[in-house]
Amino acid sequence: MRQFRILTFVLVIAMLVAGCGGSKATPTAATSGSTSTTSAGSTATTRATGTAAVASPSGTSSAVSQSGTAATSTSGSTVASPAPSPSSTASTAATSGPSKFDYGFNVFAREDANGQPFNQQVISAVKGAGFGWVRVPLLWANFEPAPGAWNPLPVDRLVNQFGGAGVKLLLTVSDAPQWAINKNGQSYLSNYGDFQQLMQFLASRYKGKVQAWEIWNEENLASNMNGIVRVDDYCRLLQAGYLGVKAGDPNALVVFGGLTPTGVNNPKVAIDDVTYLNQFYTHQNGYYTKFFDVLGVHTNATDHPPSQLYPSDPGTGGWSNSGSFYFRRAEQLRQVMQNHGDARPVWITEFGWTTANQAPGYGYGANVSPQQQAQYLVGAFDWAHTHWPWVTGMFVWNLNYSVITQPSDEKYPWSVLNSDWSPRPAYTALKAMPKS
């Protein structure tokens, strides 16, 4: 991950020094389907290295009318009223949405008119491993390049192909278009009602076809929030996204965007994920905690097995002196939830191990053999099943970025498939792993 190399540098330096409103046009569907709406990995947040964690990747084209009750708040955001109860919404969605445990892959998928054969290979690999979910990024900037001008055809294709094959979808929506970003820099968006309307459109259009929506990706990373990290910006995004989804599809799950694991605390670079989550729970006396069903978590294990954690059972080497370097970072985030009386479930929406990696900043990959990658991935699922009853789903990073990137790309050696679609030891092990 490009961002991860930046964060690694910042952490090293730190260690050396210190041991508003607006109207929106009525949306219309674009007639062209040529513009890709999801990043398919190429422009998604890249997988973290060092101190920040691993982040990252035919149907109708008619518009869906917007039909929710809305009220304009004093801040200029358009929000639905009334807001749902956090306890009833969370418990109902969590029990009725996912199965007992959900197994997923982060996948590269194609949305162009000729992408079906490629996606069929993806689907076959997912189902062949006994997994039932995929996580795919959807870029708002591509889906709505101009206010109210929707471009849904690429996503229609993807949703119909995967859903038609019985594969469930977690779509991660992020990357605001420039027209929606607040030019004065005082908040991320000029009008958070724009995002609510987007999410209502999406959830309505794909009602019953997309089972879960993740609101943003690694929002504690400045590059994902127009250059500065502010918890209030994400709180307002989450509220708008949640209200939009529930207005469009009350049964769809809303997932809190996974934070990038990092020990950095510089708002112009990143905020430590545990620190950020604490700030979220206390912001405005916890008001915004009602607006999600499942907490999304990203964990980066560098070269450590899944059972280790700093400081209780640390590993050795250059990536060992922070909890952000370990798979069990999820426990430290869960503790934040428990400290605030939150018993909602957690999904690990990104986790994995890279083998030898040619990209700068991923030196730890040289310490992980393909066989160890396989052992660690299976071991991670086993650890979660044994120790984490609060985790109800996990998404491996990644299935198949190797087939569309070169070995020099940092995403390549995280894949559990080779560039020719043949299985690496990790895929074979995951396939053989018992599923609950």
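Residues numbered from 1 in each chain as written. Predicted model: local features only at pLDDT ≥ 70, side-chain atom pairs only at ≥ 80, totals over all residues. Heavy atoms only, no water.

Per the counting criterion, the structure on display carries 12 salt bridges. D156 serves as the salt-bridge partner of R205, at 2.8 Å between the closest nitrogen and oxygen. Within this pair, whereas R205 is found in helix α6 (residues 192-205), its partner D156 is found in helix α5 (residues 153-164), the two being separated by 49 residues in sequence. Considered together, R205 and D156 belong to a single accessibility category, that of buried residues. (Salt bridge = Lys/Arg side-chain N within 4 Å of Asp/Glu carboxyl O. Helix = DSSP H or I, 4+ residues; strand = E, 2+ residues; numbered from the N terminus. Buried < 20%, exposed > 50% of the residue type's maximum accessible area, 1.4 Å probe, protein only.)

Attention now goes to the side chain of Q308. Residue position: Q308 is located in the loop between β12 (294-298) and α9 (329-339). A residue is classified by how much of its surface remains accessible, and Q308, at 16% relative accessible area, is buried. A distance of 3.5 Å separates the side chain of Q308 from the backbone oxygen of P314, its partner in a polar contact. What Q308 contacts, discounting residues up to four positions off in sequence, is D313, P314, G315, Y326 and R328. (Polar contact = N/O pair within 3.5 Å; in protein donor to acceptor, adjacent residues only side chain to side chain. Contact = heavy atoms within 4.5 Å.)

The geometry of helix α7 (residues 231-248) relative to helix α8 (residues 273-282) is characterised by a closest axis approach of 10 Å and an angle of 60° between their N-to-C directions. Helix-helix and strand crossings are classified by hand; for α7 and α8 the assignment is right-handed. Together, V231, Y234, C235 and L238 of α7 and Y276, Q279 and F280 of α8 make up the contact between the two elements. For the contact of α7 with α8, a count of residues per class yields six nonpolar, one polar and no charged. (Axes fitted to C-alpha atoms, helices over the stretch in contact; angles between N-to-C directions. Left-handed = near helix turned anticlockwise from the far one by under 90°. Nonpolar A, V, L, I, M, F, W, Y, C, P; charged D, E, K, R; others polar.)

Attention now moves to the sheet that holds strand β13 (residues 346-351). In a beta sheet, neighbouring strands are held together by backbone hydrogen bonds and run either parallel or antiparallel to one another. Spatially, the eight strands close up into a barrel ordered β4-β5-β7-β8-β9-β12-β13-β14, and their pairing is parallel. Mean inter-strand twist for the sheet, computed between neighbouring axes without regard to direction, equals 30°. Note: β13 against strand β14 (residues 391-396), four bridges, orientation parallel. Counterpart to F351 in the pairing with β14 is V396. (Pairing = 2+ DSSP bridges.)

Now for the nonpolar core. Formed by 108 residues in total, the largest nonpolar core has its most connected members in F195 and W213. With nine residues, α7 is the largest single contributor of residues to this core. The residues contacting F195, other than those within four sequence positions of it, are W140, V173, L189, I215, W216, L237, A240 and G241. In this structure, W133, L170, A212 and V294 belong to the second largest nonpolar core, which totals eight residues. (Core = buried A, V, L, I, M, F, W, Y, C linked by side-chain atoms within 4.5 Å.)

Before going further, it helps to examine helix α10 (residues 370-387). In this model, α10 (18 residues) spans 25 Å end to end at C-alpha, consistent with the 26 Å of a helix rising 1.5 Å per residue. All of the buried residues in α10 are Q373, A374, Y376, L377, A380, F381, W383 and A384. On its buried side, α10 packs onto β4 (102-106), α9, β13, β14 and α11 (425-432). (Expected span 1.5 Å × (residues − 1).)

Before going further, it helps to examine the confidence of the model for the protein. Counting all residues, the mean pLDDT for the protein is 83, and 77% of those residues have values of 70 or more. By mean pLDDT, strand β2 (residues 70-72) is the weakest element of the protein at 32, and strand β8 (residues 212-215) is the strongest at 99. Considering only residues more than four positions removed or in separate chains, one finds that residues 1-28, a stretch of pLDDT under 50, has 85 contacts. Note that pLDDT drops below 50 for residues 30-99; the model gives that stretch 234 contacts with residues more than four away or on any other chain. (pLDDT = per-residue confidence, 0-100.)

Taken as a whole and assessed by the stated rule, the structure comprises 37 aromatic pairs. Measuring from ring centre to ring centre gives 6.2 Å for W133 and F395, while their planes differ by 80°; the resulting arrangement is edge-to-face. Of this pair, W133 sits in strand β5 (residues 133-139) while F395 is found in strand β14, placing the two residues 262 residues apart along the sequence. Given a relative accessible area of 0%, F395 falls into the buried group. Taking the centre distance of 6.3 Å and the plane angle of 50° together, the rings of Y288 and F291 count as tilted. Here Y288 falls in the buried class, since its relative accessible area comes to 7%. One aromatic cluster is present, formed by F101, Y103, F105, F131, F327, F351, W353, Y376, F381, W388 and W390 through successive ring pairs. Directly above the ring of F292 sits R344, whose terminal nitrogen or CZ lies 3.8 Å from the centroid. (Phe/Tyr/Trp six-rings, centres within 6.5 Å; stacked < 30°, edge-to-face > 60°. Lys NZ or Arg CZ within 6 Å of the ring centre and 35° of its normal.)

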